[in-house]
Every structure is written in structure tokens, then in C-alpha cells.
Amino acid sequence: MRHISLLIVAVSIASAQPQQAVDPVVKNLALEIEESTFTEPILFSLDTRLQAAEVLAPRFADLSIHFSLGALSLITGLGDEDSRNHFLAKITKQLAALDFDEAERTARRITPRKASETRNDYLGAAFTSLTKAAAGAGRDPVEVLQQGFYAGAFRNTETPRILGDLKATDPARAEALFHSIRRIFPKDNATPEDIELLLNSLKVMAHRNRQTTISCIDQLIATINASNFDVYGKLKTSRTFNFSEKKVVFSDVREALLFPVAAFVYQFDKELWNTNRKRYPSWNALFERANEKAFDELRESRAFFDFKNDDADEEDLENEPTPNDFERLAFDEAVRVAQALKSLNQRAVTLFEISERKGNSSAQRSMAMRLAVVASEKMTSMEIRMLLQGLATGYFATNREPEMAATSAQMLATSFAKQCRCEDASCNSLKSRESCSEHIDDFVQYLSEGGVDESALRIRHPSIRSRALVQKLQRHLKGK
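Residues numbered from 1 in each chain as written. Predicted model: local features only at pLDDT ≥ 70, side-chain atom pairs only at ≥ 80, totals over all residues. Heavy atoms only, no water.

Asks: Please explain the overall build of the protein chain as it appears in this structure.
Replies: Secondary structure assignment for the protein chain yields 24 helices and three strands. Taking all 480 residues of the protein chain together, 51% fall into the buried category. Here the protein chain displays about 23,100 Å² of accessible surface, and carbon together with sulfur accounts for 50% of that area. (Helix = DSSP H or I, 4+ residues; strand = E, 2+ residues; numbered from the N terminus. Buried < 20%, exposed > 50% of the residue type's maximum accessible area, 1.4 Å probe, protein only. Areas by Shrake-Rupley, 256 points an atom, 1.4 Å probe, with all protein chains shown as cover.)

If you want it as C-alpha cells, here you go:
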């Protein structure tokens, strides 16, 4: 296998652009990465190959394409459609600027989002990448956008920009495109992201045709009121609208979506606003949360919709001390109070925060960090648990505490194995593993920043070595 890999990588480098000098360091690192990916579970091997492709793309296009196509060859080994679509969209994005035709073929392998199954529009993401790269490949971005619509890719985030460009150069074509957007809008299973895309498209076209605008407003309001957003899981929402005098913060998904529609109507047509206030009683409540002046000055500062974190610590924290309480305590007392906290998650995180306080001696910081690591074993939030254990490993490794570094690294490996269950070929689905690859990257980054050799920590996960090699390649190319 080594000789085959060497031959493939060598040919890829040799066939690169004539102005590129062959870099033996790049060649050898590319070979090492290639070989290392063969030892990884398929999910992590795919990400490693795509990371290598991204690092190489600016200067070694052919070699970057080689790694992307290597990832593409693994797709059939994935165990479910959602995982395949996820990686096909990522491969499309990586190939789009380098080999548009291959990227387009890859995108067309993605199945459209089905009703009630997922909020992810992988086909929309893939055609977003194609639309961005179209002009550079000599293709018409509008045609690429419309081809995506025909294929079932609604959520192309380039849509408002394309509409704006067309409105200035070809208004009739812009109007026709807007009608296409409304026609394919997935009203029966719209997600918050779909609704926002239609609203943003409407804002571009609003003053072209008043009746069309009113019809689209009705379409948006009806969809918001009728949609069962819980079908995608319990959504947590935080959305802040800033005004010169006040802020309005929403935690309800429906209200968070309805408010910008109401604000748009108010700015578009005051008479229409008053009519809709009578038709939709909830608008009266919204109006009470922001005065008339506020609607004219509307600026959205932050918005996100996400799934509820099922790992969240559900313990009763009503009487627990707050971070401000700990700031007022001396080190020893803060540690004592932190260790008595009922919340398993808060106990470990608070001890970690105490270790980071300014003014701590090296001994105090080490002591609090050790206690945080011990407490982390009982944390119910696996995401925070792995983050804390990774940070602790980096701290101990860079502060010449090799035994504690190895201990916390082993704890991290145990947590990772429990959360991700991804050690062999049976790990072929992203389900419940969406962030696992990122945890590996974060951990390798902690070690890299501290100049720590991952092999010294006695962790034997193949993906740690693979990602360390990719980061080494990245540092080498940045330094040239």
C-alpha cells in the first residue's frame, strides 16, 4: 500500500502547475498523511483528507484534488444517507474552485432534503459552493442557482446576492428568479433557515411589485404560524434586535421569526402594517416590545437556531453560587466552595475557571487544574468534559507535568471513546458523532500551540497523528 500511495502522490505533485517547484517536505508530508488516513475510521479519514485538500489548494491544486477524490472514493463506505450527503457537500465545496465539473457531478449525488427528516439542506449547501465558484469557472451563476432549484436545492445562501445583482442589471430576469424562489419554497416542512432566506430575498425585491410583496408576506406569516418546528428537535433560540434605546431578545422560535417580518412590513407600508396588526393579534404584542421608532431603526445583532443540548445539566441550580460569588473569595475558600457544588458540570468548570484566575501562583493553578480534571470524570455534559480535559492536557504538558498530562490525556481518550464510539471500521455514521472530528482537531491544536509531541502522551488513536501531520503541513506552507 505504501508504494501505491507514494506513486499516486508523486504523480499528483509532478503534474502540478509548471510554476510550482516540487517541495520535498510537502511531498513527504502528503505521503505520510495519505498513509495515515488508511489507518483511521472512515469518518475521520474523510475529514483528514478534506483538511489536507484545503491546506494544499492555494498552491498545489492537483494534489488538493487528489485528496478530495480520495475522500470521494470512500463515500460508499458510509452507513447512512445523511452521512453520505454531509461529506458529498463538503467535497463539493472543496472541489468547486479547482475542478468545477467534478464538483457539479459530486453535488448531483446528494439527495434532496426530505420532509420532516432533517434541518440540513446538504444539496443547498453544495449548490451554494457551486454558485460562488461559477463565475471563476466560466459559468453563469444564475443558471447554476436555477439548476440547483430544479434539483431540489432551495437553501442556497447566495440567492439574495444574485437577486441583487440581477435587479440592477436585468430586472425582468430578477423578477422571474424571485417567482422561482417562491414556487420551490418548502412551505410544508420549512425550517427557520428557509424562512429567513425567503425573507431576505423578499427584501431585495420588495419595491418591484407591491402585490407580489404582499402575497409573499402572507406566505411567510402563514408558514411561520403553521410550521411545526419541534419536528426537527427541541430548538433553542437566541435572537437580539438592537435599537438606539433598547434591545429586544427573543427565545421563542416563532416570535423570533415573526418579529423581522413585522418590522419589514412596518418599514415597507404603514397601512399594510396596521391591517396585519388586526389580522394577527401576536403583532400587537410584538409592537409592545419595541416602539414605533424602534422598527425604523431595526438592526439585528445576533441570531441562531440550534438543537437543545440533551447533555445539559438538568440539576436544580437555584441556590448555587454564581461566578461573581467566586471572584470575591480567596483561592482556598473558592476551591472549597467549588468542590461542594451540586452540579457535576458546574463543579468541574468552576474549578477550571479558578485555576485560570489572575494572581494565582503556579502551585495554585496546578492544584485547581488537577481538581478540575478529577471532577471532570463525573460531568454529564460530554462536550464540555472533553473540552476541559483537552485544555488540561495541554496545560500539564506545557508546564512540565508529564504524568498529569498523560493522565488527563488518557481520561480524554476514555471520554472520547464513550461519546464517539469510533475506533474501527464499524464507525461509519455521523449520527451522535457530529462534533467528534472537531474534538480531535481542538486537542491536536492545544498540543501544537504548546509544542507538545502527541506521541509522548501514550494515546494511540490514529486520527491524532493524522491531524498533527495536517497541521504540520499547514505550518510549513505558511512559513514559506
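Asks: Looking at this structure, I do not really get the state of the cysteines. What am I missing?
Replies: The bond known as a disulfide is covalent and runs between the sulfur atoms of two cysteines. Inspection of the entire model under this criterion finds two disulfides. Residue pairing for Cys 420: its cysteine sulfur links by disulfide to Cys 436, the two sulfurs lying 1.9 Å apart. Negative torsions about the S-S bond denote left-handed disulfides, and the value of about -100° found for Cys 420 with Cys 436 makes this one left-handed. Of this pair, Cys 420 sits in helix α22 (residues 402-420) while Cys 436 sits in helix α23 (residues 436-449), placing them 16 residues apart in sequence. Classification of Cys 436 by relative accessible area gives buried; the value is 1%. A sulfur-sulfur separation of 1.7 Å characterises the disulfide bridge that pairs Cys 422 with Cys 427. Measuring the twist about the S-S bond at about -90°, one finds the Cys 422-Cys 427 disulfide to be left-handed. (Disulfide = S-S within 2.5 Å.)

Asks: Is there a simple way to explain the packing of aromatic side chains in this structure?
Replies: Applying the stated criterion across every chain, the model contains four aromatic pairs. Taking 5.9 Å as the distance between ring centres and 40° as the angle between the ring planes, the aromatic pair formed by Phe 44 and Phe 416 counts as tilted. A residue pair is termed long-range when its members are at least 10 positions apart, and Phe 44 in helix α3 (residues 42-56) and Phe 416 in helix α22 qualify at 372 residues. Look at Phe 154 and Phe 185: their rings are 5.6 Å apart centre to centre, the planes differ by 70°, and that puts the pair in the edge-to-face class. One end of the pair, Phe 154, is in the loop between α8 (141-151) and α9 (159-169); the other, Phe 185, is in the loop between α10 (171-184) and α11 (192-205), and 31 residues separate them in sequence. The pair Phe 154 / Phe 185 is uniform in exposure class, with both members buried. The side chain of Arg 49 reaches across the aromatic face of Phe 38, ending 5.2 Å from its centre. (Phe/Tyr/Trp six-rings, centres within 6.5 Å; stacked < 30°, edge-to-face > 60°. Lys NZ or Arg CZ within 6 Å of the ring centre and 35° of its normal.)

Asks: Explain the nonpolar core to me, please; I cannot follow it from the model alone.
Replies: Nonpolar side chains in soluble globular proteins tend to end up buried together. Formed by 45 residues in total, the largest nonpolar core has its most connected members in Leu 43, Ile 75, Phe 87 and Leu 130. Residue assignment for this core shows that the elements contributing at least two residues are α3, α4 (61-72), α5 (81-95), α6 (100-107), α7 (122-134), α22, α23 and α24 (462-479). The element best represented in this core is α7, accounting for seven residues. Once you skip the residues sitting within four places of it in the chain, Leu 130 turns out to touch Thr 92, Ala 96, Phe 100, Ala 103, Glu 104, Ala 107 and Val 144. (Core = buried A, V, L, I, M, F, W, Y, C linked by side-chain atoms within 4.5 Å. Contact = heavy atoms within 4.5 Å.)

Asks: Got a minute to help me understand α9 in this structure?
Replies: Residue pairs spaced three or four apart in an α-helix point in one direction, given the helix's 3.6 residues per turn. Among the residues of α9, those classed as buried are Thr 159, Pro 160, Ile 162, Leu 163 and Leu 166. Along the long axis of α9, the arc covered by the buried residues comes to 160°, so they all point the same way. Those residues of α9 that are exposed and angled more than 90 degrees off the buried face are Ala 168 and Thr 169. Where α9 is buried, its residues meet α7, α8, α10 and α11. (Arc of directions from axis to C-beta.)

Asks: How should the environment of Gln 219 be read in this particular structure?
Replies: Position of Gln 219 relative to the elements: it lies in helix α12 (residues 210-226). Its relative accessible area of 16% is what places Gln 219 among the buried residues. Between the alpha carbons of Gln 219 and Phe 185 there is a distance of 9.7 Å; along the sequence they are 34 residues apart. Setting aside chain neighbours within four positions, we find Gln 219 in contact with Arg 182, Phe 185 and Leu 198. At 2.8 Å, the side chain of Gln 219 forms a polar contact with the side chain of Arg 182. (Polar contact = N/O pair within 3.5 Å; in protein donor to acceptor, adjacent residues only side chain to side chain.)

Asks: Honestly, the pattern of salt bridges in this entry has me stumped. Any pointers?
Replies: As a working rule, side chains carrying opposite charge can pair if their charged atoms are close by. Enumeration according to the criterion identifies 18 salt bridges in this entry. Of the charged contacts, one joins Glu 175 and Arg 208 as a salt bridge, the two residues approaching to 3.3 Å between their closest N and O atoms. One end of the pair, Glu 175, is in helix α10; the other, Arg 208, is in the loop between α11 and α12, with 33 residues separating them in the sequence. The partner of Arg 336 in a salt bridge is Glu 333, and the shortest N-O contact between them spans 2.6 Å. Taken together, the positions of Arg 336 and Glu 333, both in helix α18 (residues 331-339) and three residues apart, correspond to about one turn of that helix. By relative accessible area, Glu 333 is classed as partly exposed at 31%. Each of Asp 101, Glu 104, Arg 108 and Arg 139 takes part in salt bridges that share partners, so that together they form one network. (Salt bridge = Lys/Arg side-chain N within 4 Å of Asp/Glu carboxyl O.)

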